Amino acid sequence: MPNFRRNYQNKKKEAFERRKYAIKREYRKMQVGKGGQSFHPRQNRPNDNNGSQFYRRAMQEYERNRAAIEERKQIKEAKRKEREEAITRYKEKKLENFKKLSQRTKRGQPVMKGRLEILLEKIKKTVNNDCETVNNTGTTSYKRKIGNSFRKN
């Protein structure tokens, strides 16, 4: 049984070493593919600081990737905050409308004042949106219904 365990540990170490060298080999292939200098020991390689250059390049690549990840996180966070603010505005508006619509008189009849205010707000909003579209396009998009036919203003 101890031999089995010893063999297993050796295989584990060997697999780790093979994977480490494979990562280095893939990185070097990637660098050569980008048009960088060859990593072959006898070609275009300065004699001093070989290991430190490789390490420096790897660190620069790591820092670039890290910066890109941070930028994506910040964009995602900004979108999330904007969405949360929109939801809170929506909930506040909904609560306000609910309060207006749920008002009742002494006899249990709905109060029309709040309902009319809500309708007025909707009308103003649609009129403003229509005016903006006319100003942006430069043409009249209003249509007024006269009888059963439509005519331009």
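As a reminder, the structure under discussion sits directly above these lines.
Residues numbered from 1 in each chain as written. Predicted model: local features only at pLDDT ≥ 70, side-chain atom pairs only at ≥ 80, totals over all residues. Heavy atoms only, no water.

Chemist: Help me understand the packing of aromatic side chains in this model?
Modeler: How two aromatic rings sit relative to each other is set out by the distance from centre to centre and by the angle between their planes. Applying the stated criterion across every chain, the model contains 1 aromatic pair. Here Tyr27 and Phe54 contribute two aromatic rings whose centre-to-centre distance is 5.2 Å and whose plane-to-plane angle is 80 degrees, an arrangement assigned as edge-to-face. You can see Tyr27 sitting in helix H1 (residues 2–33) and its partner Phe54 sitting in helix H2 (residues 50–102), a full 27 residues away along the chain. Residue classification places Tyr27 among the buried residues on the basis of a relative accessible area of 12%. (Phe/Tyr/Trp six-rings, centres within 6.5 Å; stacked < 30°, edge-to-face > 60°. Helix = DSSP H or I, 4+ residues; strand = E, 2+ residues; numbered from the N terminus. Buried < 20%, exposed > 50% of the residue type's maximum accessible area, 1.4 Å probe, protein only.)

Chemist: Can you help me understand the pattern of salt bridges in this one?
Modeler: Side chains carrying opposite charge are able to pair once their charged atoms draw close together. Here the structure, examined in full by the defined rule, presents 8 salt bridges. A salt bridge links Lys20 to Glu17; its shortest N-O distance comes to 3.8 Å. Within this pair, Lys20 and its partner Glu17 are both found in helix H1, separated by 3 residues, close to a single helical turn. Here Lys20 falls in the partly exposed class, since its relative accessible area comes to 35%. When its relative accessible area of 31% is taken as the criterion, Glu17 is described as partly exposed. Glu84 is the salt-bridge partner of Arg80, the closest N and O atoms lying 2.5 Å from each other. Taken together, the positions of Arg80 and Glu84, both in helix H2 and 4 residues apart, correspond to about one turn of that helix. (Salt bridge = Lys/Arg side-chain N within 4 Å of Asp/Glu carboxyl O.)

Chemist: Help me understand the environment of Gln31, please; the structure alone is not making it clear to me.
Modeler: Relative to the helices and strands, Gln31 resides in helix H1. Residue classification places Gln31 among the buried positions, given a relative accessible area of 12%.

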